[in-house]
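Breakdown of the fold
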Amino acid sequence: MGVVSVSLNDDNLEALDRIQAAYGLNGRSEAVRASINAALADIRELESLDGDVDGVLIIVRGNHEDPWMIRIQGTYESVIKTQLHSHLRSHKCLEVMVVSCDAQTLSRMMRDIQAEGKADYVKFVRG
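Below or above, wherever it landed, is the structure these notes cover. (Residues numbered from 1 in each chain as written. Predicted model: local features only at pLDDT ≥ 70, side-chain atom pairs only at ≥ 80, totals over all residues. Heavy atoms only, no water.)

Topic: the sheet that holds strand S3 (residues 93–102)
- The sheet built from four strands is open, its strands ordered S2-S3-S1-S4 with antiparallel pairing. Whereas interior strands pair on both sides, the edge strands pair on one side only; in this sheet they are strand S2 (80–87) and strand S4 (119–126). On average, each strand axis in the sheet is inclined to that of its neighbour by 15 degrees, with strand direction left out of account.
- Examined bridge by bridge, strand S1 (residues 52–61) and S4 share seven bridges and lie antiparallel to one another. Across the sheet, isoleucine 58 pairs through a bridge with lysine 123, a residue of S4.
- The sheet contacts of helix H4 (residues 103–116) involve S1, S2, S3 and S4, and relative to S3 the element is tilted by about 155 degrees. (Pairing = 2+ DSSP bridges. Helix = DSSP H or I, 4+ residues; strand = E, 2+ residues; numbered from the N terminus. Axes fitted to C-alpha atoms, helices over the stretch in contact; angles between N-to-C directions. Contact = heavy atoms within 4.5 Å.)

Re the nonpolar core
- Formed by 21 residues in total, the largest nonpolar core has its most connected members in Leu57, Met97, Leu106, Met109 and Ile113.
- Listing elements by their share of this core, those giving two or more residues are S1, helix H3 (68–75), S3, H4 and S4.
- For this core, the element with the highest residue contribution is H4, accounting for five residues.
- The residues contacting isoleucine 113, other than those within four sequence positions of it, are Leu57, Ile59, Trp68, Ile72, Ala119 and Val122. (Core = buried A, V, L, I, M, F, W, Y, C linked by side-chain atoms within 4.5 Å. Buried < 20%, exposed > 50% of the residue type's maximum accessible area, 1.4 Å probe, protein only.)

Just distances and angles here, no functional claims.
Below, the structure written as structure tokens:
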């Protein structure tokens, strides 16, 4: 098995420890492997989409003042059929978008959102 050295901030370390505890894992290495497997499952699910897709895109994000989500929504306005923006108690924002497009466009949109690195949660639920 290969060894990789990774630098993590305190929030990441806390999250890693929570993952370890929640899944009853025997160490941080197992928590990293479980996290990688979860991310890969999301990637595989997205890659399995083909043709036209309809569904709901759910995003939780912080910093209401940061305009990155407005840029994403502007870029993909032709595929966003309905959207809801709500302020959560945690000073975060919930974005719910009904989208209808081809699978490649959805994949690009999801990649663009993830690439910003500013979303706490991103999930597409196929209709």
